[in-house]
Structures are given as C-alpha cells and as structure tokens.
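Below, each chain spelled out in residue letters.
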Amino acid sequence: MQEAIKLTQEHLNTSQSSDYLMDKWTDWRWQLKNTIRKVETFEKIMGIKFSDEKKKEINETIDKFPMAITPYYLSLIDEDDFETDPVFKQSFPSIDELIISSIDMEDPLHEDKDSPICGITHRYPDRVLFHVSNVCAMYCRHCTRKRKVGDVDSVPSDEMIAAGIDYIKNTPTVRDVLLSGGDPFLLSDEKLDHILGLVAAIPHVEVIRIGTRTPVVLPYRITDKLIKVLSKYDNLWINTHYNHPREITKTSINALKKLTGAGIPLGNQSVLLKDVNDCPQIMKKLVHKLVANRVRPYYLYQCDLSEGLEHFRTNVGKGIEIMESLRGHTSGFAIPTYVIDAPGGGGKIPVMPNYLISWSTNKVILRNYEGVITTYQMPDTYEHTACDLNCTNCKLQLKLNNEESDRKPIGISKLLCDYEETITLVPENLERDQRNQSDEAI
Ligand SMILES: *Cc1c(COP(=O)(O)O)cnc(C)c1O
C-alpha cells in the first residue's frame, strides 16, 4: 500500500493526504484515467531514464502496437530488476514485437473468418464467442488479438450487440455463450447487466461465460456493485488470465474472494511465454496459488502465431515438460489442459505427455509420473453394444427427447459411431483423386 501511495503521489504530483490518495488509487476509473501510455510517464514513475536510442525503438513499437499499463499493474514491477520482471515483460513494449516472422499471421485463429456476423465467432457446434468490448485495461504484449489492440473505433455499438443476440436467438444449437473482447468488465455495470440480461433470456442458452483479465490488471474493478449485477445470473462462469505467481497479490486475492463469494466458479487461462513462465517451478507455484484461491487452472495455451509474438514463443516441448512436472506431482484439479489453438481456425488441440505405451487385445501398458510401467487388464467379456439410436432397446437409461441435431455426430466421433456409414474422412481436392478423374477423361 505504501508503494501505491508513493506512486499515486508521484503521478499526481501532489502532497494530498494518504487517505485521499488511497481513495483515488482504489477507484478503477481513476486507474483507467491514469493508465500509463507514454514512455516518459513510465520513466518518471519508475525513476529511470532510457537512452535516446532505446526510447526511439520503444516509440516505434508503440506506434504499431500501443501501450497501456494500469498504475496498479505497474506497481507490481520490481524496480530494482525491471527488465527481467514478468510483469514488465507482459506490459511494456519490446522492439522484438516488430519482428514479423515468415509464419506469423494477422488472424491466425481465423476469428474474423469464422464469423457469421460481426462480433460473433462460431467455431464449435454448441458455443460461440461474443465480442462485447474491444477495450482493455492493460494491453498485454502477448495479446493474440494484437491486430485490434487500441482500435477504439471498434467499440461495439448497440446495433452490433443486438445483431449478436439475434444470431444466438436464431441458432438453437448454441447452449454456451462466451462474452469476450477486449474485456467485458470494462463495460459499465449497466451495459454489462443489459447484455447479460439479453443473453440469459434466450431459452436455449444454458451457460454464460465471461473472460476478463481485470482481477489481474485492474482488481479494483471488482466492486460490490459489479458483484450485485453478476449475482443475478446463476449460470455464470468466469475465466481470468494469470500467467505468473507474482500477479496473485493481496489486492487481487480480494477481488477473487468477492467473485467466489458470489458463488461464481472461476477458471484461469495462462499463456506459455518465454522468459515469463516457461519454467515448471513457476507454473507449479502459479497453479498452487490459483487453487488456494479457488481458481481452477483451465487452459495453458501455446503462444499463438499472431504478429509481434515471435519473441514470446517457446517450443511445444517446454509445455509438455511442464505438464509432465504437474501430473502426479500435484493435485489433479490444479492441472490445466495444455492446448495449441490450431492456426486456420481448427480450434484448441490438447497436447500432453504419452501415458499409454502399448496395448494388445486384452491389456494396455501404461506408465505413471514416476516411470513405473504397469498393465491394465481389460475385461474378457465386454461386449460391444451396437447403437441404432433406438434407446428403448438399450440397457442404458438415456430416455431423453434428444433433438435430431444432438445425434448427428461430426468429425472423429462420426467415424466411431455405429449408425453412421462414413468410414474415412478425406481431405478435399486430394491429388490422387484428381489424377483418377483425369484418367477417366482419357
Ligand atoms: C476457446 C474458444 C471457445 C471455447 O472453448 P472451450 O474449449 O469450450 O473453452 C469457443 N469458441 C472459440 C472461437 C474459442 O476460441
């Protein structure tokens, strides 16, 4: 807190009482108003001076990818060793962001392409991403939507929100709506309440999720008034984004307590970042601190191929090493799923160490985290029950009035399914198919 007061004082250039300063500091709107966007402000607050050349480089980066750091998040930076600080690295621009590697893409996840209407990304059968805000408190240097950062013109209008709501209303397969952005918590309480109300009123929407980094970068946003709004919705889940144990401060924990106190289940999505958290020790510490505060580690993302992120990317091997260091070594519910979000819109693909070593008709051979190799004997009499979709003939009690669409398998599960005749999935325009066709023509 002393730190906060000192920073506020320097920021305001005032000698007001510490009570007055604390009032300001803990007001999220004050934090936003005083967000650090210029190198000079950063220098002043940190009491440092970059060389002219360095400053020029930083400003070149800011021209392409703007900077925004909340005073709170900045106060977490270790002043004595700021250049290797994980908070600094996630928030302060680096000249390396201007390195565009040959495989980098503006929109690697095809979020704009897989978009039936502006603001909605519909990739999976039963859930959609609904971009309700393009504003963020802090501009994460590793943002996968870097192409849009600082794009103030694209704050969604009421019409855009209404169009998104219409799309969900008219798409009965959508049972899970993920409010994303930007950061939905940068909307006013009233606007957020309004959007949540509209989504919650759609009969086929069973679950609403919000993705927000405010507990990490702007914990004062979690006000009692916001909690009151959120408490109205009993099917709400929240995912946040901690990448390093240092981000879990007392203030941040307070914000989490308010959310869990309101009965909202919390998850965390981390991104694997070079020189920030690419270390089994750091990740273990992070997941331990998360579960101690009732936040369930959900995903660990391999860093995307977005432009300007090359310097953050690690080998996939590092991620697998981290997963190896967690499974068996710590509580199962502290272990996230490590995923690669497939470039081209393929979605999240889980990757992990191999535990299934071999198998025969009656046994599988497995290995555990200690290196013990073991066998699991399969039953001699497990008979395959062929499913013909006639649940009354089956011993299992499904007895649901499933929609036809629920029973229409796609992808690999279609290959596994008894009542589907498809036996192969074949890429379009196979060269050998084209060859065969031209054979016919002869
Ligand atoms: C991540 C993501 C989701 C949600 O995926 P879950 O695995 O259900 O968390 C939905 N839509 C898009 C486009 C996504 O990227």
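Quick caveat: nothing in here was measured; it's all calculated off a predicted structure.

### With respect to the pattern of salt bridges
For step 1, the next point in the chain: As enumerated under the stated definition, the model contains 26 salt bridges in all.
For step 2, the next point in the chain: Between Glu190 and Lys225 there is a salt bridge, and its shortest N-O distance comes to 3.1 Å. With Glu190 in helix H9 (residues 189-200) and Lys225 in helix H11 (residues 224-230), this residue pair connects regions lying 35 residues apart in the sequence.
For step 3, the next point in the chain: Its relative accessible area of 47% is what places Lys225 among the partly exposed residues.
For step 4, the next point in the chain: Residue Glu321 is joined to Lys318 by a salt bridge in which the shortest nitrogen-to-oxygen separation is 3.1 Å. Taken together, the residues span about one helical turn, with Glu321 and Lys318 both in helix H14 (residues 316-326) at a distance of 3 residues.
For step 5, the next point in the chain: A relative accessible area of 24% places Lys318 in the partly exposed class.

### With respect to the domain arrangement of the chain
For step 1, the next point in the chain: Per the domain assignment, the segments making up the chain are domain 1 (2-97) and domain 2 (120-350).
For step 2, the next point in the chain: One C-alpha centre belongs to domain 1, the other to domain 2; they are set 24 Å apart.
For step 3, the next point in the chain: Of the residues lining the interface, 32 residues belong to domain 1; the matching set on domain 2 comes to 34 residues.
For step 4, the next point in the chain: Looking only at domain 1, the three residues that lose the most surface to domain 2 are Trp28, Tyr72 and Gln90, adding up to 29% of its buried area.
For step 5, the next point in the chain: Inspection of the region where domain 1 meets domain 2 yields 4 salt bridges.
For step 6, the next point in the chain: Where Lys64 meets Glu307, a salt bridge forms, and the shortest distance between an N and an O atom there is 3.7 Å.
For step 7, the next point in the chain: Our enumeration of links across domain 1 and domain 2 arrives at 15 residue pairs in polar contact (both at pLDDT 80 or more).
For step 8, the next point in the chain: Those elements giving two or more residues to the side of domain 1 that touches domain 2 turn out to be helix H3 (28-33), helix H5 (52-64), helix H6 (71-74) and helix H7 (86-91).
For step 9, the next point in the chain: Split into classes, the residues belonging to the side of domain 1 that touches domain 2 amount to 16 nonpolar, 8 polar and 8 charged.

### As for the side chain of Glu97
For step 1, the next point in the chain: In this structure, Glu97 sits in the loop between H7 and strand E1 (120-124).
For step 2, the next point in the chain: Residue classification places Glu97 among the buried residues on the basis of a relative accessible area of 0%.
For step 3, the next point in the chain: Polar side-chain contacts of Glu97 include one of 2.9 Å to the side chain of Arg141.
For step 4, the next point in the chain: Ignoring sequence-local partners within four residues, the contact set of Glu97 consists of Thr61, Phe65, Phe92, Arg141, Lys146, Gly308 and His311.

### Description of the packing of helix H4 (residues 39-46) against H5
For step 1, the next point in the chain: Contact geometry for H4 and H5: axes closest at 10 Å, N-to-C directions at 125 degrees. With respect to each other, H4 and H5 are oriented oblique. Mapping the contact onto sequence places Val39, Glu40 and Glu43 in H4 and Lys55, Ile58, Asn59 and Ile62 in H5.
For step 2, the next point in the chain: Each residue belonging to the contact of H4 with H5 can be placed in one class, and the counts come to 3 nonpolar, 1 polar and 3 charged.

### Concerning the state of the cysteines
For step 1, the next point in the chain: This model, assessed by the stated rule, comprises 0 disulfides.
For step 2, the next point in the chain: Not part of a disulfide, Cys118 finds its nearest cysteine sulfur in Cys136, a span of 17 Å.

What counts and what doesn't
- Sequence order as written defines residue numbering, which begins from 1 separately in each chain.
- Restriction of local features to residues with pLDDT of at least 70 applies here, the model being predicted, together with a cutoff of 80 or more for giving and counting side-chain atom pairs; totals for whole chains, interfaces and linings are based on all residues.
- Processing note: side-chain calculations cover all non-hydrogen atoms of the structure and skip hydrogens and water entirely.
- Salt bridges are counted wherever a side-chain nitrogen of Lys or Arg sits within 4 Å of a carboxyl oxygen of Asp or Glu.
- Think of it this way: any DSSP run of H or I at least four residues long counts as a helix, any run of E at least two long counts as a strand, and we number them from the N terminus.
- Think of it in three bands: with a 1.4 Å probe and only protein chains considered, a residue is buried below 20% of the maximum accessible area for its type, exposed above 50%, and partly exposed in between.
- The domain limits used here are those given by an automatic or database domain assignment.
- Contact definition: two residues touch when any of their heavy atoms are within 4.5 Å.
- Each of two parts loses accessible area, computed with a 1.4 Å probe, when they are put together; buried area is these two losses added.
- Residues adjacent in sequence count toward polar contacts only when both atoms are side-chain atoms; beyond that, a polar contact is any pair of N or O atoms within 3.5 Å, and within protein one must be able to donate a hydrogen and the other to accept it.
- Gly falls in the polar group here, along with every residue not listed as nonpolar (Ala, Val, Leu, Ile, Met, Phe, Trp, Tyr, Cys, Pro) or charged (Asp, Glu, Lys, Arg).
- Fitted lines through C-alpha atoms serve as axes, helices being fitted only where they are in contact, and the angles separating the N-to-C directions of these axes extend from 0 to 180 degrees.
- Roughly parallel means an angle under 35 degrees; roughly antiparallel, over 145; roughly perpendicular, 65 to 115; everything else is oblique.
- Only a pair of cysteine sulfur atoms within 2.5 Å qualifies as a disulfide here.

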